[in-house]
Amino acid sequence: MAITVEGESAETKISQRRVGLLYDERMCKHHTPDGDHHPENPDRIRAIWNKLQKASIPQRCVVLSAKEAEDKHLLSVHTKNHAAYLAAGSVIEVAERVAKGELNSAFAVVRPPGHHAEEDEAMGFCLYNNVAIAASFLLNERPELGINKILIVDWDVHHGNGTQKMFWKDSRVLFFSVHRHEFGTFYPANDDGYYTMIGEGPGTGYNINVPWENGRCSDADYLAVWDHILLPVAKEFGPDLIIISAGFDAAAGDPLGGCCVTPYGYSIMLKKLMDFAQGKIVLALEGGYNLDSISNSVLACMKVLLEDKPVTGSSEAYPFESTWRVIQAVRHKLSAFWPTLADELPTKLTSLISPPTHMISSSDSEDEDIVSEKPESVLQDLLEPLSKLQVEDGHAEVGATNSWRSEFSKVDVWYATFGSNMWKPRFLCYIEGGQVEGMKKSCSGTKDRTLPKETLWKTFPHRLFFGYDSCGLWGPGGVAFLNPEFNIQHKAYLSMYRITLEQFNDILVQENFNCYDKSSPLFDINDLNSIANKKSISLEAIKETGWYYNIVYLGKEHNVPILTMTCSPSDVEKFRSGELPSAAPAVEYANTLIKGLVKGKLLSNEEAVAYIHEASTTPL
């Protein structure tokens, strides 16, 4: 059977479904003027296209070239002063073809992304809202196609604030976004993505946000949301077409996302959505900045669209405790609009939670049988779909050999702490795993559980202050930072723990809530050897997902380097100007700092209280 591939005929085996695939090299012309590195760069779509070609995917699809959008289509959701063309026109093109029935489904490999773009403002790498423009086009310009209800699913790790606002009062569009939120501290760093934001007027109840309280969410967390929120509501809504804002920055190894979804997980999410709208699904690329994970994830989705034969696979079986809490909050908030969400989830289901993250790594052979210890009858909804699909390379990053650990376990550093870690029981949560009173969730611990060789207290000429207004570990209130700039007029009290460089790397990951590829270290031997001259090293791999990404050298003790982790000088300037908020610490958090200072016999209780009060109230 012959199909058209950009004007040429190709005799090849294709799926029974006609699947569209849009890619155009012209979209690679969008780049930084001076060639400086930027996470949203042309290599993103080139890596995807190369991966698909290697797997012979284009030969099985109807391959389309990009098409420029017309001004009138852009102006359906944007103001006259806010316009651009190629990616938006491409999503319109594939959406119209799927709506007509010319294609069963399609994937538009486009850039730049679009879901942050608002009516009159570009945001977060997004110039124009490709998905919203396409949805508006079908609903308003082509009513004869019979697309009266559209489900937009945004699985990008960031909230789709732009798309939400464009259909805020529109009951024809059910907008669903699952994203890192962390009480409004994760980009776009506002309350728009909270679960209480459900729409307005005719659109009330048609806006669904699932806001993660923490990073590291994985396949199990997303599938629980699919099964207990999205799929029941989608069945009740009955969409005529589904458009997916297909960002892959929640993928394991992504430098901006800090979550752990595998290509295998994305394939399951898509497979479940294929049961609706007669499989009329359009995927439009949004975020995703790890070239391996984004290309593997798109390949996984293309295989689902092409109805490839399912094969066996595996994934961790339990969501986080916080995931169940968020799911139940969303269900309760929306139950008045969607009766299918009114029933309480059984305790025997919600009590099945993920162990600390060190327990669920596929590289930890001693924990491989952890799933078998739980009742199979209770886990049926989660385990059965997980056993039916697998994508090659799905666990390449998670299961890699950690060859650096043996070398780093022989090197000591002093980790100097100025926040809650000053209280030793709190710090040991990062070594042994677990949590202390006041913490909202458990720590995973380090691979090496050996306790610190020594503990010392010292003062340093730096300024302690408190920033942000909430965090996933302690809830509302500011968290401690140390101004990395030396100032003889200031004095900060720090508790120093002598640990290995291996442990220091594991603590870095925990402090920054980051699902980093642990097959390689964040802070290596070369960094350690050079930091005395550099004074500080900013870790780009976690800069966008964590707060404590700047490693600062404070000198030596017994010829062992003293290191701390805090924000960068540029962040300090943002706190000083008000661009980043300052806030006093919550009572439980402040009490933990005070307890550390008193137990360290450095200050009396009254002196410790005064020290924390001054740090939290004196302007930078």
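Residues numbered from 1 in each chain as written. Predicted model: local features only at pLDDT ≥ 70, side-chain atom pairs only at ≥ 80, totals over all residues. Heavy atoms only, no water.

1. Comments concerning the overall build of the protein
For the protein, the count of helices and strands is 18 helices and 20 strands. Counting every position in the protein, which comprises 620 residues, the buried fraction comes to 60%. If you take every contact in the protein between residues at least 6 apart in sequence, the share linking residues at least 24 apart comes to 74%. Just so you have it, the protein exposes about 24600 Å², and 48% of that area is on carbon and sulfur atoms. (Helix = DSSP H or I, 4+ residues; strand = E, 2+ residues; numbered from the N terminus. Buried < 20%, exposed > 50% of the residue type's maximum accessible area, 1.4 Å probe, protein only. Contact = heavy atoms within 4.5 Å. Areas by Shrake-Rupley, 256 points an atom, 1.4 Å probe, with all protein chains shown as cover.)

2. What to know about the packing of aromatic side chains
Aromatic ring pairs are reported here in terms of the distance separating the ring centres and the angle at which the planes meet. If you walk through the whole model with that rule in mind, you get 28 aromatic pairs. Geometrically, the ring pair formed by phenylalanine 176 and tryptophan 226 is edge-to-face, given 5.7 Å between the ring centres and 90 degrees between the ring planes. Pair noted here: phenylalanine 176 is in strand S7 (residues 173-180) and tryptophan 226 is in helix H6 (residues 219-237), with a separation of 50 residues, a long-range link. Each of the two residues, phenylalanine 176 as well as tryptophan 226, counts as buried. Ring pairs connect the aromatic residues Phe418, Phe465, Tyr468, Phe481, Trp547, Tyr548 and Phe575, which therefore count as one cluster. Over the face of the ring belonging to tyrosine 430 we find arginine 426, whose NZ or CZ atom lies 4.3 Å from the ring centre. Sitting above the plane of the tryptophan 423 ring, lysine 595 keeps its charged end 4.2 Å from the centroid. (Phe/Tyr/Trp six-rings, centres within 6.5 Å; stacked < 30°, edge-to-face > 60°. Lys NZ or Arg CZ within 6 Å of the ring centre and 35° of its normal.)

3. A closer look at the nonpolar core
Soluble globular proteins tend to pack their nonpolar side chains together in the buried interior. Counting 74 residues, the largest nonpolar core has Phe107, Trp155 and Trp226 as its most contacted members. Broken down by element, this core gets its largest block of residues, 11 residues, from H6. Not counting the four nearest positions on each side in its chain, phenylalanine 107 is found in contact with Gly20, Leu21, Leu22, Ala246, Phe248, Leu283, Leu285, Val298, Cys301 and Met302. By size, the runner-up hydrophobic cluster in this structure holds 72 residues, among which are Ala416, Phe418, Trp423 and Ile507. (Core = buried A, V, L, I, M, F, W, Y, C linked by side-chain atoms within 4.5 Å.)

4. Side note on the pairing of strand S13 (residues 464-467)
Going residue by residue along S13, you find Leu464 and Phe466 tucked away on one face and Phe465 and Gly467 tucked away on the opposite face as well. Sheet topology note: the S13/strand S16 (residues 479-482) ladder contains four bridges and is antiparallel. Residue pairing across strands places phenylalanine 466 opposite alanine 480, the latter belonging to S16. (Pairing = 2+ DSSP bridges.)

5. Observations regarding helix H16 (residues 569-577)
Residues of H16 that are buried: Asp571, Val572 and Phe575. All buried residues of H16 fall inside an arc of 105 degrees around its axis, so they share one side. The elements touched by buried residues of H16 are S13 and S16. Glycine 578 occupies a position one or two residues after H16 and carries a positive phi of about 95 degrees. (Arc of directions from axis to C-beta.)

6. Details of the pairing of strand S3 (residues 19-22)
Residues of S3 alternate between two faces, with Val19 and Leu21 on one and Gly20 and Leu22 on the opposite face, all of them buried. In terms of strand pairing, S3 meets strand S5 (residues 105-108) through four bridges, oriented parallel. When the bridges of S5 are listed, valine 19 appears paired with serine 105. For S3 and strand S4 (residues 62-64), the ladder comprises three bridges, and the chain directions are parallel. Counted as the bridge partner of glycine 20 is valine 62 from S4.

7. Overview of helix H1 (residues 43-54)
Taking 1.5 Å per residue, 12 residues should reach 16 Å; H1 reaches 16 Å between its end C-alpha atoms and fits that length. Residues of H1 that are buried include every one of Arg44, Ile45, Ala47, Ile48, Trp49, Lys51 and Leu52, and no others. Against the buried residues of H1 lie S3, S4, strand S10 (281-285) and helix H8 (291-305). (Expected span 1.5 Å × (residues − 1).)

8. Quick word on the sheet that holds strand S11 (residues 412-417)
Strands sit in the order S12-S17-S11-S20-S19-S18 across an open sheet of six strands; the sheet is mixed. Each having just a single partner strand, strand S12 (455-460) and strand S18 (536-538) make up the two edges of the open sheet. Neighbour-to-neighbour, the strand axes of the sheet open up by a mean angle of 30 degrees, direction not taken into account. Examined bridge by bridge, S11 and strand S20 (residues 560-566) share two bridges and lie parallel to one another. Within S20, the position partnered with tyrosine 415 by the bridge is leucine 563. (Axes fitted to C-alpha atoms, helices over the stretch in contact; angles between N-to-C directions.)

9. Examining the environment of phenylalanine 175
Its place among the elements puts phenylalanine 175 in strand S7. Its relative accessible area of 1% is what places phenylalanine 175 among the buried residues. C-alpha of phenylalanine 175 to C-alpha of leucine 151: the two residues are 24 residues apart in sequence and 6.2 Å apart in space. Setting aside its immediate chain neighbours within four residues, phenylalanine 175 contacts Ile152, Asp154, His159, Gly160, Thr163, Gln164, Tyr206, Asn207, Ile208 and Asn209.

10. Quick word on unusual backbone geometry
A cis amide bond links tyrosine 187 to the next residue, proline 188, at an omega of 10 degrees. Its identity is not glycine, yet tyrosine 468 carries a phi of approximately 70 degrees, on the positive side. Among the secondary structure elements, tyrosine 468 is positioned in the loop between S13 and strand S14 (470-471). Among the residues examined, tyrosine 468 registers a relative accessible area of 14% and is labelled buried.

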